[in-house]
Amino acid sequence: MSHSIVVYFSRSGEQYGVGVVEEGNTAVVAKIISNILNVPLFELKPKNDCYPKTYKALTDMALREKKQNTRPELAADLSDFDDYDTVFIGAPNWWGDLPMICYTFLENHDFTHKTLIPFVTHEGSGFGGIDEKIKKTVKPKKMLMGFDILGSTAQKNQAQTQSAVEKWLKNIGF
Ligand SMILES: Cc1cc2nc3c(=O)[nH]c(=O)nc-3n(C[C@H](O)[C@H](O)[C@H](O)COP(=O)(O)O)c2cc1C
């Protein structure tokens, strides 16, 4: 039997096109996947909650991290990683890439026996090659077709998001 988990990174606070939100856009999608499949969720959180809650400050910090290719420390790692054979990994598109903290998680684990399924939220760039970067970084046994959606749609139209996620999951065999 397949064991799946949804791992995601997402920011509450001020986000592009949606104002100040209590739950980040990627978190909305992650929870929908987890609910549909009835599988656990694991949120990647930075140690000391180091990211700003205002959009401009967040984009500046994210750009600095990307330019310096940092690996920000996680508050906690997923301790039962070995129990899962399928890992959904979700993140916002930050400057055409994954947030650097997602690489901290990806590089800490061995995905060579796992199926990896990426999903992103964005404001127009889509995956922008992020799925290929993930594949190159972790070389999973298998990577299935990912899912992307505008963060503002995920945030403001959760019914539409729910049916788009259902359709995608069906397409990839769930
Ligand atoms: C630091 C930062 C960089 C971003 N860079 C891009 C980008 O290059 N392309 C894009 O389409 N959206 C970009 N966005 C928009 C986010 O991808 C979008 O708002 C996303 O849904 C945020 O997800 P979250 O609420 O789960 O954190 C950026 C947002 C932030 C905060």
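For the structure itself, look to the data block above.
For the structure given in this document, a descriptive report is provided here. (Residues numbered from 1 in each chain as written. Predicted model: local features only at pLDDT ≥ 70, side-chain atom pairs only at ≥ 80, totals over all residues.)

**Examining the site of the ligand**
Neighbouring the ligand are 22 residues; Ser-10, Gly-24, Thr-26, Pro-92 and Gly-151 lie closest to it. Taken together, the residues that form the shell around the ligand break down as seven nonpolar, 13 polar and two charged. (Near = placed C-beta within 6 Å. Nonpolar A, V, L, I, M, F, W, Y, C, P; charged D, E, K, R; others polar.)

**Here we look at the environment of Glu-14**
Note that Glu-14 resides in strand 2 (residues 13–15). A C-alpha to C-alpha distance of 33 Å links Glu-14 and Tyr-84, two positions 70 residues apart in sequence. Aside from chain neighbours lying at most four places away, what touches Glu-14 is Gly-19, Val-20, Lys-53, Thr-54 and Tyr-55. (Helix = DSSP H or I, 4+ residues; strand = E, 2+ residues; numbered from the N terminus. Contact = placed C-beta atoms within 7 Å.)

**Re the packing of helix 3 (residues 100–107) against helix 4 (residues 130–138)**
Interhelical geometry of helix 3 versus helix 4 gives an angle of 35° and a closest axis separation of 10 Å. As for how helix 3 packs across helix 4, the hand of that crossing is right-handed. When helix 3 is examined against helix 4, the residues Tyr-103, Leu-106 and Glu-107 are found in contact with a partner set consisting of Ile-134, Thr-137 and Val-138. Partitioning the contact of helix 3 with helix 4 into residue classes produces four nonpolar, one polar and one charged. (Axes fitted to C-alpha atoms, helices over the stretch in contact; angles between N-to-C directions. Left-handed = near helix turned anticlockwise from the far one by under 90°.)

**With respect to the packing of helix 1 (residues 25–37) against helix 6 (residues 158–171)**
Two elements in contact, helix 1 and helix 6, have axes whose closest approach is 10 Å; the angle formed by their N-to-C orientations is 55°. On the basis of their axis angle, the class for helix 1 and helix 6 is oblique. The way helix 1 lies across helix 6 gives a crossing that is right-handed. Of the residues in helix 6, those in contact with Val-28, Val-29, Ile-32, Ile-33 and Ile-36 of helix 1 are Gln-158, Thr-161, Gln-162, Val-165, Glu-166 and Leu-169. Among the residues forming the contact of helix 1 with helix 6, the class breakdown is seven nonpolar, three polar and one charged. (Parallel < 35°, antiparallel > 145°, perpendicular 65-115°, else oblique.)

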